[in-house]
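If you want the building blocks of each chain, they are given just below.
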Amino acid sequence: MPVPELPLGLAVVEPVPVLPAGGYEYSPKLDGWRCVVHVPGGVLQSRTGSDLTDRFPGILESAAALGRVVFDGELCAYRQGRLEFAALGYGPARRRAEGIAVVYVAFDLLGARGRDLRLWPLSRRRERLAAVVGAGNAGVQLMISTLDLAQGQEWISADQAAVGIEGAVAKPLASRYPLRGGRAGWVKVHHYDDVDALVLGVTGSPTLPTALVLGQTDQRGQVRAVGLSGPLSRTALVSLAGRLRLAEGGPERASGILSGLPGADDFAYWPVEPGVVVEAHADRAFELGRYRHRVSVVRAKPGQ
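Residues numbered from 1 in each chain as written. Predicted model: local features only at pLDDT ≥ 70, side-chain atom pairs only at ≥ 80, totals over all residues. Heavy atoms only, no water.

Please clarify how the pattern of salt bridges should be interpreted in this entry.
When the charged atoms of two side chains lie near each other, side chains of opposite charge can form a pair. Under the definition given, this model contains 14 salt bridges. Where Arg-118 meets Asp-116, a salt bridge forms, and the shortest distance between an N and an O atom there is 2.7 Å. We note a salt bridge from Asp-196 to Lys-301, for which the minimum N-O separation is 2.9 Å. Linking Asp-196 in strand E12 (residues 193-204) with Lys-301 in the segment after strand E20 (296-300), this pair joins segments that are 105 residues apart in sequence. The class of Asp-196 is partly exposed, set by a relative accessible area of 40%. Judged by relative accessible area, which is 22%, Lys-301 ranks as partly exposed. Look at the salt bridges and you will find they share partners, linking Arg-79, Glu-84, Arg-94 and Glu-98 into a network. (Salt bridge = Lys/Arg side-chain N within 4 Å of Asp/Glu carboxyl O. Helix = DSSP H or I, 4+ residues; strand = E, 2+ residues; numbered from the N terminus. Buried < 20%, exposed > 50% of the residue type's maximum accessible area, 1.4 Å probe, protein only.)

What's the story with the side chain of Asp-72 in this structure? I'm lost.
Inspection of the secondary structure assignment puts Asp-72 in strand E5 (residues 70-79). Given a relative accessible area of 0%, Asp-72 falls into the buried group. Side chain to side chain, Asp-72 and Arg-34 meet in a polar contact 2.8 Å long. Setting aside residues up to four positions removed in sequence, Asp-72 forms contacts with Leu-10, Arg-34, Cys-35, Val-36, Tyr-104, Ala-106, Phe-107, Asp-108, Leu-110 and Tyr-177. (Polar contact = N/O pair within 3.5 Å; in protein donor to acceptor, adjacent residues only side chain to side chain. Contact = heavy atoms within 4.5 Å.)

What is the right way to look at the sheet that holds strand E10 (residues 165-172) in this model?
The pairing of strands in a sheet comes from backbone hydrogen bonds and takes either a parallel or an antiparallel form. Pairing is mixed across the open sheet formed by four strands, whose spatial order is E1-E11-E10-E2. In this open sheet, the two edge strands, each paired with only one partner strand, are strand E1 (11-15) and strand E2 (24-30). Mean inter-strand twist for the sheet, computed between neighbouring axes without regard to direction, equals 35°. Where E1 lies against strand E11 (residues 182-190), five bridges are found, and the strand directions are parallel. Across the sheet, Val-12 pairs through a bridge with Arg-183, a residue of E11. (Pairing = 2+ DSSP bridges. Axes fitted to C-alpha atoms, helices over the stretch in contact; angles between N-to-C directions.)

I keep staring at a positive patch on the surface and nothing clicks. Help me out?
A cluster of basic side chains, namely Arg-113, Arg-115, Arg-124 and Arg-128, defines a positive patch on the protein surface. Residue placement: Arg-124 occurs in helix H3 (residues 122-133). Note on Arg-124: relative accessible area 42%, which makes it partly exposed. (Patch = residues over 30% accessible without salt bridge, like charges linked within 9 Å, V, L, I, M, F, W, Y side chains within 5 Å. Areas by Shrake-Rupley, 256 points an atom, 1.4 Å probe, with all protein chains shown as cover. Lys, Arg positive; Asp, Glu negative; His and termini not counted. Charge placed at Lys NZ, Arg CZ, Asp CG, Glu CD.)

Here it is in structure tokens:
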């Protein structure tokens, strides 16, 4: 069977509250860009199918030194030992000028020596991956992993989040890689901080909001919109009941960047009068004045 053909559908990693136990491989969740390196095709393919080859010219060359391989993994940018997600968006010249190193961290081997390995169990693919990558080179490294649940849980902490490790990923050792992309039983657990945020507006209807536009005070003391919450739980809705008052004027438009990664569509929301503060869980992916991932609202704070 030949190596996987482009474009490739990638295995999905689904969020869960806790790491599962028994028969899993655990690895850190790095704050990078998910990417397939396809040496036979001469392409770096993003999770969404975009061609990243020209943006990271050294990665394909480094991977080709390891053979005619097809990797799944993360493109990671390092500045002084810390992962810096935003630097992946810089051009090669700017990265060199600022001393930023980009490394591809391979966590799966999908093809090698003219063979498609996706139907092999993860444990066997991982063994072959370690043999192919070995000690790695300047551009390609092997993702660390463990079979020890306790060690996997150590990656879910504030200290790890501070250097760009967002949490941990768990994968069944018997899992095959989905041939068309999709579910493979892979799950992830993020580290979250408890934060307070001011409600600036709502999506859906004012009486039954589906999400909240959230704000926080910046270093100048001004309130800025920092993100759109995820869907609201029943507990959050009950705590907000009767608390929100529409501001004057009609609905407004907000940039899609508030609701996730760049490229998201703009959306409409209803501004509300200031005063309601909510408790929320947010990860450390905060850049350019906003949360990169949607924030999970717990409840409205009493007395606000």
